[in-house]
Amino acid sequence: MKAAVVQTSPLFGRIRENIEGAIKVIEKLDAELIVLPELFSTGYQFKSRPEMLKLAEDAEGGYATGRLTEVARKKKSFIVAGIAERSGGKAYNSSVLVGPKGLMGIYRKAHLFWDEKKIFTPGDTPFEVYDTGKARIGMMICFDWLFPEAARTLALKGADIICHPSNLVLPYCPAAMITRSIENRVFSLTANRVGEEARIRGKSLKFIGMSQIVSPGGELLFRAGGKKAVAMAVEIEPKDARKKNITPVNDIIKDRRRDLFQL
Ligand code: ACM
């Protein structure tokens with residue numbers, strides 16, 4: 001199957017423009033799985049929780065999910081995208097999985113980064129795996145990369161592909177996600193954004209781009225640059241992620257010495 005990452009450059013608060021811009025790119029892509037960045041529709045640097053709440057929307061029946069479902073239906077594809085999700089009185093930094101039949105899954109970011117702790121409610125969804133028919137898909141968001149348990153949990157639950165919407169500002173993640181792929185023998189698709197947001201005095205955020213697609217063996221199948229919006233699809237075989245042997249006698253899942261681990 002063909003899997004793609006879309007690296008965007010959203011404009012803060014311009015929801016319709018950001019969504020329609022991403023959809024134009026998706027419409028031209030030849031891919032059955034497409035991953036967009038974290039908070040792709042709103043932008044990242046909210047000044048306050050009330051400001052975020054004005055821009056957040058429901059995952060079920062919301063505008064972003066609705067538009068992404070329309071394009072997923074037209075293309076017979078699956079799309080993972082990060083949104084500010086309102087749910088009851090709470091709001092989460094979330095990722096949705098939509099397919100031709102609509103919303104399939106919601107993941108709410110477990111590990112909030114820096115000022116996100118003042119803005120969002122920490123995620124309350126388990127790390128779940130969704131079967132699209134051709135692949136088993138798990139989601140994590142940006143800073144979750146630093147907590148290897150997130151990717152490991154998805155791998156233990158049978159994920160072939162980890163979809164990883166991101167808004168990276170630190171430099172470590174692109175290299176770390178190669179390790180996440182190797183140590184779990186899964187594909188990982190990190191879709192990051194580019195550009196800068198400086199909406200809070202003294203807190204200018206520069207997003208590093210470098211969206212990438214990594215194979216279960218740690219091969220970098222694609223890596224974007226750090227400055228421009230770009231999209232890339234690559235051919236992958238999801239079932240390659242079901243072979244957990246790294247030598248004839250080493251299965252990286254079965255070899256774990258859980259009796260020695262402090263959990
Ligand atoms: C991040 O989690 N957006 C760095």
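About the cut-offs
- Residues numbered from 1 in each chain as written.
- Predicted model: local features only at pLDDT ≥ 70, side-chain atom pairs only at ≥ 80, totals over all residues.
- Heavy atoms only, no water.
- 1 Å grid on protein atoms, 1.4 Å probe; cavity = no way out; pocket = protein on both sides within 12 Å on 5 of 7 lines; lining within 4 Å.
- Points joined across faces, edges and corners; volume = space filled by probe spheres on them.
- Helix = DSSP H or I, 4+ residues; strand = E, 2+ residues; numbered from the N terminus.
- Nonpolar A, V, L, I, M, F, W, Y, C, P; charged D, E, K, R; others polar.
- Axes fitted to C-alpha atoms, helices over the stretch in contact; angles between N-to-C directions.
- Parallel < 35°, antiparallel > 145°, perpendicular 65-115°, else oblique.
- Left-handed = near helix turned anticlockwise from the far one by under 90°.
- Contact = heavy atoms within 4.5 Å.
- Pairing = 2+ DSSP bridges.
- pLDDT = per-residue confidence, 0-100.
- Buried < 20%, exposed > 50% of the residue type's maximum accessible area, 1.4 Å probe, protein only.
- Polar contact = N/O pair within 3.5 Å; in protein donor to acceptor, adjacent residues only side chain to side chain.

## A look at empty space enclosed by the protein
Here comes step 1: Under the definition given, this model contains 2 cavities of 30 Å³ or more.
Here comes step 2: Space inside the largest cavity adds up to approximately 160 Å³.
Here comes step 3: Lining the largest cavity are 15 residues, and of these Tyr44, Gln45, Asp115, Glu116 and Leu205 sit closest to its centre.
Here comes step 4: Going through the elements one at a time, α4 (116-119) and β11 (203-208) are the ones with two or more residues in the lining of the largest cavity.
Here comes step 5: The biggest single contributor to the lining of the largest cavity is β11, with 3 residues.
Here comes step 6: Along the lines of polarity and charge, the residues of the lining of the largest cavity split into 10 nonpolar, 2 polar and 3 charged.
Here comes step 7: In this structure, the second largest cavity occupies an estimated 70 Å³ of space.
Here comes step 8: Phe113, Cys142, Phe143, Trp145, Asn167, Leu168, Val169, Leu170 and Cys173 are the residues that line the second largest cavity.
Here comes step 9: Taken together, the residues of the lining of the second largest cavity break down into 8 nonpolar, 1 polar and no charged.

## Here we look at the packing of helix α1 (residues 15-28) against helix α3 (residues 63-75)
Here comes step 1: Contact geometry for α1 and α3: axes closest at 11 Å, N-to-C directions at 10 degrees. Here α1 is positioned roughly parallel relative to α3, judged by the angle of their axes. Taken as a pair, α1 and α3 cross one another with a handedness that is right-handed. Residue-level inspection shows Arg16, Ile19, Glu20, Ile23, Ile26 and Glu27 of α1 in contact with α3, the latter providing Tyr63, Ala64, Arg67, Leu68, Val71, Lys74 and Lys75.
Here comes step 2: Within the contact of α1 with α3, the residues separate by chemical class into 7 nonpolar, no polar and 6 charged.

## Regarding the sheet that holds strand β7 (residues 136-139)
Within a sheet, adjacent strands bond to each other through the backbone by hydrogen bonds, running parallel or antiparallel.
Here comes step 1: Ordered in space as β6-β7-β8-β9-β12-β13, the 6 strands form an open sheet in which the pairing is mixed. Each end of this open sheet is capped by a strand with a single partner; those strands are β6 (129-131) and β13 (220-223). Each adjacent strand pair in this sheet contributes to an overall mean axis angle of 15 degrees, direction not counted.
Here comes step 2: By the bridge criterion, 3 bridges tie strand β9 (residues 187-191) to strand β12 (residues 212-214) in an arrangement that is antiparallel. The partner of serine 188 across the bridge, within β12, is valine 214.

## Section: the pairing of β13
Here comes step 1: The sheet contact formed by β12 and β13 spans 3 bridges and is antiparallel. Paired with valine 214 across the strands is leucine 220, a residue of β13.

## A word on the confidence of the model for the protein
Here comes step 1: Summarising the model, the protein shows a mean pLDDT of 97, and 100% of its residues fall at 70 or more.
Here comes step 2: Mean pLDDT values for the elements of the protein range from 96 in strand β15 (residues 245-247) up to 99 in strand β8 (residues 161-165).

## Remarks on the sheet that holds strand β2 (residues 33-35)
Here comes step 1: Spatial ordering of the open sheet is given by β5-β4-β3-β2-β1-β14, a layout of 6 strands whose pairing is mixed. On the outer flanks of this sheet lie β5 (102-108) and β14 (230-235), each paired with one strand and no other. Ignoring which end each strand starts from, the neighbouring axes of this sheet average 30 degrees apart.
Here comes step 2: Here 6 bridges tie strand β1 (residues 2-7) to β14, and the two strands are oriented antiparallel to one another. When the sheet's bridge partners are listed, alanine 4 is paired in β14 with alanine 233.
Here comes step 3: Along the sheet face, α3 touches β2, β3 (78-87), β4 (90-99) and β5 and points at about 10 degrees away from the line of β4.

## Notes on the side chain of glutamate 51
Here comes step 1: As for its placement among the helices and strands, glutamate 51 is situated in helix α2 (residues 49-55).
Here comes step 2: Classification of glutamate 51 by relative accessible area gives buried; the value is 19%.
Here comes step 3: Separated by 2.7 Å, the side chains of glutamate 51 and arginine 199 make a polar contact.
Here comes step 4: Ignoring sequence-local partners within four residues, the contact set of glutamate 51 consists of Phe12, Gln45, Phe46 and Arg199.

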